[in-house]
Amino acid sequence: MNAVTPIHASLTGLDGFRVEIDPARERADVILDRPPMNTVAMAQRDQLRKVFEALDEDDRVRIIVLRAVGEHFSSGGYIKGFLEASPEHVSKLAWNIAAPARCAKPVIVANRGYTFGVGFEISLACDFRIVSETCQYALPEQKLGQIPGSGGSARLQKIVGITRTKDIVMRSKRISGQQALDWGIATECVPDGELEAATDRLVDELRSFSPIAQRTAKKLLNDTEDSTLAIAIELEGHCYSRLRQSDDFREGVEAFHAKRAPQFTGR
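For clarity, every value in this text was computed on a predicted model and none was experimentally measured.

*Asks:* Explain the sheet that holds strand E5 (residues 114–116) here, please?
*Replies:* By way of backbone hydrogen bonds, the strands of a sheet pair with one another, either parallel or antiparallel. Strand order in this open sheet of three strands is E5-E7-E8, and the pairing throughout is mixed. The open sheet has two free edges, formed respectively by E5 and strand E8 (175–176), since each of these has just one partner strand. With two bridges joining them, strand E7 (residues 136–138) and E8 adopt antiparallel strand pairing. From the neighbouring strand, Gln136 faces E8, where its bridge partner is Ser176.

Written out as structure tokens, the structure is:
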């Protein structure tokens, strides 16, 4: 990937990770890079939030990818940092790690090897989880006399239910990539050597859709996750009605009838 010098201050001076932007592919990669296990420091969590917020406002970027260098996505947080951090700082952990979910743009995470603790939690906050067969998900906080503190148990329970979440959280149980796919945690599970290619394919697929329709779908699904069916259907109808007035919807209809690929502009 051809990196472009970031123009936003939030993308420089980063601790334990870096950002690469490829305007030609409308893609930004947030890359964990703290050998050998890509542990996530306390300050890094604040920086990750700021980076996701900056990329969400960057007109060069359509899709955000979170990935890591090496054979492990992340072994989790820097444990000693929890004892050194102030209660006020610790109270913001879940807000920082939820940054991918708040992004209007689609966020893909590519997981291989150990994806533990906060590494799992930030992955759960992404829209699409592509995992390799080497991936192992875990929330091991019980071994430290703690519980997940960045949304892990809450998000997981929404995906797999209370019984499986108790099994993972209360036993610090590891979940393989294939099991994560079977349980609906992972979007796709591929051989380790195909993780990057699978991620690239998903980026290209998402880029083929209308940006405004993608943003609308993500917000609608996030906003209605806890709502009743009646409210969800009502909000879906309002979003559908608004999109009917968009240039992209008109282009999509015209392209369909002309049997050509649509040229969406995001308006």
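That shown, we press on.
*Asks:* Just checking my understanding: could you explain the layout of surface pockets for this structure?
*Replies:* By rolling a water-sized probe across the atoms, one finds the places where empty space is left. Quantified by volume, the largest pocket comes out at close to 690 Å³. What lines the largest pocket is a set of 26 residues, among which Leu124, Cys126, Asp127, Asn222 and Glu225 lie closest to the centre. The leading source of residues in the lining of the largest pocket is helix H11 (residues 211–223), at five residues. When grouped by side-chain class, the residues that make up the lining of the largest pocket number 14 nonpolar, six polar and six charged.

*Asks:* Would you mind showing me how to read the packing of aromatic side chains here?
*Replies:* The description of an aromatic ring pair rests on the distance of the ring centres and on the angle between the ring planes. A complete count under the given rule lists two aromatic pairs for this structure. Seen from their ring centres, Tyr114 and Phe116 are 4.7 Å apart, and the 20° between their planes marks the pair as stacked. With centroids separated by 4.3 Å and ring planes inclined at 5°, the aromatic side chains of Phe120 and Tyr137 adopt a geometry described as stacked. Of this pair, Phe120 sits in helix H6 (residues 118–124) while Tyr137 is found in strand E7, placing the two residues 17 residues apart along the sequence. Of the two residues, Phe120 and Tyr137, neither departs from the other in class, the shared state being buried. If you follow Arg102 out to its NZ or CZ, it ends over the ring of Trp95, 3.5 Å from the centre.

*Asks:* How should a nonpolar patch on the surface be read in this particular structure?
*Replies:* On the surface, a nonpolar cluster with roughly 290 Å² of combined accessible area is contributed by Tyr240, Phe249 and Val253. Relative to the helices and strands, Val253 is located in helix H13 (residues 247–258).

*Asks:* Honestly, the packing of helix H7 (residues 152–160) against helix H8 (residues 162–170) in this entry has me stumped. Any pointers?
*Replies:* Each packed pair of helices is defined by two parameters, the angle between the axes and the distance between the axes. Contact geometry for H7 and H8: axes closest at 7 Å, N-to-C directions at 140°. As far as their axial angle goes, H8 and H7 are oblique. Two packed elements cross with a definite hand, and for H7 against H8 that hand is right-handed. In this structure, H7 contributes Ser153, Leu156, Gln157 and Val160 to the contact, and H8 contributes Ile162, Arg164, Thr165, Ile168 and Val169. Residues belonging to the contact of H7 with H8 are distributed by class as follows: five nonpolar, three polar and one charged.

*Asks:* Teacher, can you tell me more about empty space enclosed by the protein here?
*Replies:* The full count for this structure, using the stated rule, is one cavity of 30 Å³ or more. Its volume calculated, the largest cavity comes out at about 40 Å³. Surrounding the largest cavity, Leu32, Val40, Leu48, Leu66, Phe73, Ser74, Val118, Gly119 and Ile122 form its lining. If you tally residues by element for the lining of the largest cavity, the top one is H6, at three residues. Split into classes, the residues belonging to the lining of the largest cavity amount to seven nonpolar, two polar and no charged.

Parameters at a glance
- Residues numbered from 1 in each chain as written.
- Predicted model: local features only at pLDDT ≥ 70, side-chain atom pairs only at ≥ 80, totals over all residues.
- Heavy atoms only, no water.
- Pairing = 2+ DSSP bridges.
- Helix = DSSP H or I, 4+ residues; strand = E, 2+ residues; numbered from the N terminus.
- 1 Å grid on protein atoms, 1.4 Å probe; cavity = no way out; pocket = protein on both sides within 12 Å on 5 of 7 lines; lining within 4 Å.
- Points joined across faces, edges and corners; volume = space filled by probe spheres on them.
- Nonpolar A, V, L, I, M, F, W, Y, C, P; charged D, E, K, R; others polar.
- Phe/Tyr/Trp six-rings, centres within 6.5 Å; stacked < 30°, edge-to-face > 60°.
- Buried < 20%, exposed > 50% of the residue type's maximum accessible area, 1.4 Å probe, protein only.
- Lys NZ or Arg CZ within 6 Å of the ring centre and 35° of its normal.
- Patch = residues over 30% accessible without salt bridge, like charges linked within 9 Å, V, L, I, M, F, W, Y side chains within 5 Å.
- Areas by Shrake-Rupley, 256 points an atom, 1.4 Å probe, with all protein chains shown as cover.
- Salt bridge = Lys/Arg side-chain N within 4 Å of Asp/Glu carboxyl O.
- Axes fitted to C-alpha atoms, helices over the stretch in contact; angles between N-to-C directions.
- Parallel < 35°, antiparallel > 145°, perpendicular 65-115°, else oblique.
- Left-handed = near helix turned anticlockwise from the far one by under 90°.
- Contact = heavy atoms within 4.5 Å.

So yeah, pure geometry; function would need other evidence.
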